[in-house]
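Results of the structural survey
Listed below are the residues making up each chain.
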Amino acid sequence: MTATALPARAGHTGSRQLAGTGALLGFNLRRDRVVIPAWVAVTALLVLSLPGSLRSVYSTPAERADIARQMLTNSSLRATYGPVFSDSLGGLTAWRIGGYAAILAGIMSLIVVVRHTRDEEESGRQELVSSAMVGRSAPLTAALLTAFVADSALALLITAGLAGQGSAGALALGLGIGGVGMVFATLAAIVAQFTDSGRLAKGLTGGLLGTAFVLRAVGDSTTNDASSPATWISPIGWLENLRPFASERWWVLALFAAAALLQGFAAYELAGRRDVGMSFLPARPGPANGRLGTAAALAWRLQRGAVLGWSLGFFAAGVAFGGITKGAADLVGDNAKTREIIERMGGQSGIEDAFLATMVGMFGMLAALYAVSSVLRLHSEETTGRAEPILANAVGRLRWAAGHLTIAFAGAALIMLLSGLGLTLGYGAEPGPILAATLVQLPAVWTLGALAVLLHGLSPRLSPLSWAAAGLALLLGWIGPALNLPQTVLDISPFGHLPKLPGGDMAWGPVTALTAIAAALVAVGLAALRRRDLTT
Amino acid sequence: MTKAITVSGLHKSFGRTQALAGLDLDVETGEVHGFLGPNGSGKSTTIRVLLGLLRADSGAAQLLGRDPWADAVELHRRVAYVPGDVTLWRNLSGGEVIDLYGKLRGGLDRSRRADLIDRFELDPTKKGRTYSKGNRQKVALVAAFASDVDLLILDEPTSGLDPLMEEVFQRCVEEERDRGRTILLSSHILSEVEELCDRVSIIRKGRTVESGSLADLRHLTRTSVSAELTGPPNGLASLPGVHDLDVQGHRVRLQVEADQLNAVLRSLTDSGVRSLTSKPPTLEELFLRHYQEAE
């Protein structure tokens, strides 16, 4: 046997490394033909609807200048929305929506990349694809190109749609949002080399995206020109520093390019050093004898990692946002419109309470995402065929569902409580009112979780609609108040009915009503689940 | 003797596709019953109805004398099931899953569990995601055979096993029968069923087309023979029990009923045999011949 018998492993020198990339790219785009256009369209529409809405809220230049001045002076508002660099309609659009659109682009990009890399290897489909005329680097390249196509389309739509507000600013905003997308696309490509589960890769990259948001918020609370180091660490902070519509700093775009290229390079290096289907954090052997003995224990075993992740994230974010609440008292000037917006979001009393109420509401809406994802474990267990052998044992459907639902509904209470503890710790105040405020969110969180129970009970095919409901609640809660949407529209979201705590008056009526609605939805959903055929 | 499974006139549709169209099935207590049919004939749908996972549109079904839908949970204490396509949880080890299933059924024989793991050569410490198809199937088989149940429902349980493991599987089925357990074995492989089963039901397009002991169904088991002869064949066409005769020069292909095999071989050796292969007909061939013509 000679040394040349085996080809070098990590090399990318082979001319056929990229064979088949074009075909795979076309295939990826075909598989994502609904998800990507829908996600891009919703994100772009969100951005493009802003100038019109802003004009109706701040109709005179004086009012717009006033809101800009307040952002300059109020740190907790800056933490939420970032600093304002220009009081033009374009500038306010970039301020109000840029960061959130960037988060949406980041989520889309990381999902696309993991979906076409680690998910494929995990399911074993990659083996079949790689056995064809497909180069070793082709799947990763095709996945990154798929994300690039999606982010480019988003950048293009934003640039074209906002050109009326100033073409340079529109281009900067579009490229910045797409740039954040590509940074998280390449980051996901790295993470996907380490985990052997697509779910974990998405969760970890999503956690990094959340960290980037918190870093930007903390950084912006300390400075009013996005110059804090914390902001500069965050790709979302780069978007602010690009300053769309405010004498753009084009060189910041180089940061996006450098980060995406470096991360992409790292991902290729890592991918070249492992076998298909393997990962750098491989599976360890498990126990030969099991202690799991009930369906509930199994549910906890399957969900405990997610509960732990959400718990840590909520507590840490609580501490971070609690810490910047004090700055809310810095508010000077009393622009009636801004006060009105804050009041609509957070309540009428002190501005610190209003800020806390806003944060608590945000945690509530995110907890609804947790509740939906936890309830929908039922859906994935059923559609992957793992529920079938469990139910072929002496386990009734209700008992099977009860384990997962307990984790969903009690887990939502747990993470809300932890966010409240975090806020209390960071803010340094009496825990009572803040904890009460976080717990008051639960009926709305539960209602959205219960809607998922109902939809899954009726038919697994309807289950994904519960994501749409939770997403709509999130959008209405965050964007709605600034857009001057009528209360009847805001009332679509269960969160719109909750009392604004801390600071506001407790209203037992809606809280009780929502809890009853949630219980009814769960009851009907479970009754339907007992009656229908199991999906196989 | 009471019947372990009785099904009559079972109907089930999924939207416009009709999966079961009046299926009948009778399984005696203590027998190994083969449940044969080509892919998509309704075997798994029947089993899912018997397990209370699906609700039949019409018809009657009884499992161990009770209603499989209404009494699902109590019944499942006495039933072990192995699906044709076993999916495991990626981060649970095989041993954990075996024990989980055992506890959910209300008990597992520890020494039998150890013995089965040994015989199936299964590594119970590996995580679900690292098992091959055959090994995932072994996890489900060990859990089923080690459980203390009255009825085993096995849905194409050997599709991922190698021939050695199939042997082990067959021994296990025989041991279960000797302990007086009832086994419903669904399969599309006739030889597997011939080896193990006391009685057989054959279904096609959601209907039962044949049912009885293997002796009753002997007329189904023809052998296909193809031979290369040294001289021209003669007299084959006039022999009883010969079908689908195809002569091309010195090459002969034919199918023969089991009790006429001797006469055919004698006739072939008379002409001088250069090479000879014979194999049992596949189930698909049987279906093509017996049931497609009848329609």
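Refer to the preceding data block for the structure.
Throughout, residues of each chain are indexed from 1 in the direction in which the sequence is written. A letter from A marks each chain and a number from 1 marks each ligand, given out in the order of writing. Note on the predicted model: pLDDT of at least 70 is required for a residue's local features to be given, and 80 or more for side-chain atom pairs to be given and counted; whole-chain, interface and lining totals, by contrast, use all residues. Side-chain numbers here rest on the full set of heavy atoms in the structure, without hydrogens or water.

With respect to the overall build of chain B
For helices the rule is a DSSP run of H or I covering at least 4 residues; for strands it is a run of E covering at least 2, with both sets numbered from the N terminus onward. Assigned secondary structure in chain B consists of nine helices and 13 strands. Expressed along its principal axes, the backbone C-alpha trace of chain B runs to roughly 65 × 45 × 40 Å. Whether a residue is buried, partly exposed or exposed follows from its accessible area with a 1.4 Å probe, protein chains only, as a fraction of its type maximum: under 20%, in between, or over 50%, in that order. Of all 295 residues assigned to chain B, the portion counted as buried reaches 53%. Across chain B, contacts joining residues at least 24 apart in sequence account for 67% of those joining residues at least 6 apart. By the counting rule applied here, Lys and Arg register as positive and Asp and Glu as negative, while His and the ends of each chain are not counted. One atom stands in for each charge, and that atom is NZ of Lys, CZ of Arg, CG of Asp or CD of Glu. When the 38 basic and 43 acidic side-chain charges of chain B are each reduced to a single mean position, those positions are 6 Å apart. By the convention used here, residues are in contact when the closest approach between their heavy atoms is within 4.5 Å.

Focus on the sheet that holds strand β1 (residues 3–14) of chain B
All names here are of chain B. When DSSP finds two or more bridges between two strands, those strands count as paired. In spatial order, the strands read β2-β1-β4; together these three strands make up an open sheet with antiparallel pairing. A strand with exactly one partner marks an edge of an open sheet, and here the two such strands are β2 (17–28) and β4 (58–63). When strand polarity is set aside, the average angle formed by the axes of neighbouring strands in this sheet is 15°. Where β1 meets β4, five bridges bridge the pair, whose relative direction is antiparallel. Across the sheet, the residue bridging to Thr6 is Gln62, located in β4. Only the contacting stretch of a helix is used when fitting its axis, a line to C-alpha atoms as for every element, and angles between N-to-C directions run 0 to 180 degrees.

Focus: the packing of aromatic side chains
All names here are of chain A. Two aromatic rings from Phe, Tyr or Trp, using only the six-membered ring of Trp, form a pair when their centres are within 6.5 Å; if the ring planes differ by under 30 degrees the pair is stacked, by over 60 it is edge-to-face, and anything between is tilted. Under the definition given, this model contains 10 aromatic pairs over all chains. Each ring, one from Phe213 and one from Phe321, has its centre 6.5 Å from the other, and the planes form 45°; the classification is tilted. Linking Phe213 in helix α11 (residues 198–222) with Phe321 in helix α15 (residues 295–323), this pair joins segments that are 108 residues apart in sequence. Phe213 sits in the buried class, given a relative accessible area of 11%. You can call Phe321 buried: its relative accessible area is 3%. Between Phe314 and Phe363, the aromatic rings sit 5.2 Å apart at their centres with planes inclined by 50°, giving tilted as the arrangement. Of this pair, Phe314 sits in helix α15 while Phe363 sits in helix α17 (residues 351–375); the two residues are 49 residues apart in sequence, bridging distant segments of the chain. The class of Phe314 is buried, set by a relative accessible area of 5%. Within the aromatic cluster, the residues linked to one another by ring pairs are Trp310, Phe314, Phe363 and Tyr370. For a Lys NZ or an Arg CZ to count as sitting over a ring, it must be within 6 Å of the ring centre and within 35 degrees of the ring normal. Sitting above the plane of the Phe213 ring, Arg216 keeps its charged end 5.1 Å from the centroid.

Let's talk about helix α14 (residues 253–272) of chain A
Residues and elements named next belong to chain A. Here a helix's expected span is defined as the number of its residues, less one, multiplied by 1.5 Å. Relative to the 28 Å expected for 20 residues at 1.5 Å per residue, α14 spans 29 Å between its end C-alpha atoms, a close match to the ideal helical length. Every buried residue belonging to α14 is among Leu253, Phe256, Ala259, Ala260, Gln263, Gly264, Ala267, Leu270 and Gly272, and all of these are buried. Those residues of α14 that are buried lie in contact with α9 (138–161), α10 (167–194) and α13 (235–242).

Some points on the interface of chain B and chain A
Of the residues lining the interface, 37 residues belong to chain B; the matching set on chain A comes to 39 residues. Across the chain B to chain A interface the summed buried area is about 3,300 Å²; carbon plus sulfur atoms make up 53%. Of all residues in chain B, Leu53(B), Trp89(B) and Leu104(B) bury the most surface against chain A, accounting for 21% of the area lost on that side. A pair is scored as a salt bridge if a Lys or Arg side-chain nitrogen falls within 4 Å of a carboxyl oxygen belonging to Asp or Glu. Inspection of the region where chain B meets chain A yields six salt bridges. A salt bridge links Asp196(A) to Arg129(B), with the shortest nitrogen-to-oxygen separation between them at 3.1 Å. Between N or O atoms, a polar contact is any pair within 3.5 Å; within protein, one atom must be a potential hydrogen donor and the other a potential acceptor, and residues adjacent in sequence are included only when both atoms are from side chains. Where chain B touches chain A, the interface holds 28 residue pairs in polar contact (both at pLDDT 80 or more). Within the residue set of the side of chain B that touches chain A, elements represented by two or more residues are β1, α2 (72–76), β5 (79–82), α3 (94–105) and α4 (110–119) of chain B. With eight residues, the single largest contributor to the side of chain B that touches chain A is α3(B). Residue type decides the class: Asp, Glu, Lys and Arg count as charged, Ala, Val, Leu, Ile, Met, Phe, Trp, Tyr, Cys and Pro as nonpolar, and the leftover types, Gly among them, as polar. Of the residues in the side of chain B that touches chain A, the class split is 16 nonpolar, eight polar and 13 charged. Defined in terms of a 1.4 Å probe, buried area is the accessible area two parts forfeit on being brought together, summed over both.

Quick word on the sheet that holds strand β11 (residues 242–248) of chain B
Residue and element names in this part refer to chain B. The antiparallel open sheet is built from four strands, whose spatial order is β11-β12-β10-β13. Looking at the sheet topology across the chains shown, the edges are occupied by β11 and β13 (273–279). Across the sheet, the mean angle from the axis of one strand to that of its neighbour is 15°, orientation sign disregarded. Judged from the five bridges that link them, β11 and strand β12 (residues 251–257) form a sheet pairing that is antiparallel. Residue Val242 lies in a different strand from β12, and its bridge partner there is Val256. The strands that helix α8 (residues 261–271) touches are β10 (222–229), β11, β12 and β13; relative to β10, the one it contacts most, it runs at about 5°.

Concerning the pattern of salt bridges
This structure, assessed with the given rule, holds 38 salt bridges over all chains. Residues Glu120(A) and Arg125(A) are paired through a salt bridge, measuring 2.9 Å at the closest nitrogen-oxygen approach. Using a relative accessible area of 42% as the deciding quantity, one classes Arg125(A) as partly exposed. For Glu228(B), the salt bridge is made with Arg274(B), and the minimal N-O distance between the two is 3.8 Å. Note that Glu228(B) is positioned in strand β10 and Arg274(B) in strand β13, a separation of 46 residues in sequence.

Regarding the packing of helix α20 (residues 397–427) of chain A against helix α21 (residues 431–440) of chain A
Residue and element names in this part refer to chain A. Packing of α20 against α21 brings their axes to within 8 Å, and their N-to-C directions diverge by 150°. In terms of orientation, α20 lies roughly antiparallel with respect to α21. By crossing handedness, the relation of α20 to α21 is classed as right-handed. Contacts from Ala413, Met416, Leu417, Ser419, Gly420, Leu421, Leu423, Thr424 and Tyr427 in α20 reach Pro431, Ile434, Leu435, Thr438 and Leu439 in α21. When its residues are assigned to classes, the contact of α20 with α21 shows 10 nonpolar, four polar and no charged. Should an angle fall under 35 degrees it is called roughly parallel, over 145 degrees roughly antiparallel, and 65 to 115 degrees roughly perpendicular, with every other angle called oblique. Crossing handedness is defined as follows: a turn of the near helix away from the far one that is anticlockwise and smaller than a right angle gives a left-handed crossing, while the clockwise case is right-handed.

Some thoughts on a nonpolar patch on the surface
Residues and elements named next belong to chain A. Each patch is built from residues lacking any salt bridge and having more than 30% relative accessible area; the joining distance is 9 Å for like charges and 5 Å for nonpolar side chains (Val, Leu, Ile, Met, Phe, Trp, Tyr). Each accessible area is a Shrake-Rupley estimate made with a 1.4 Å probe; only the visible protein chains count as cover when residues are assessed. A cluster of nonpolar residues, Phe315, Val319, Leu421 and Leu425, forms a patch on the protein surface that exposes about 330 Å² of accessible area. Listed by contribution, the elements that provide at least two residues to the nonpolar patch are α15 and α20. Of the residues examined, Leu421 reaches a relative accessible area of 37% and is grouped as partly exposed.

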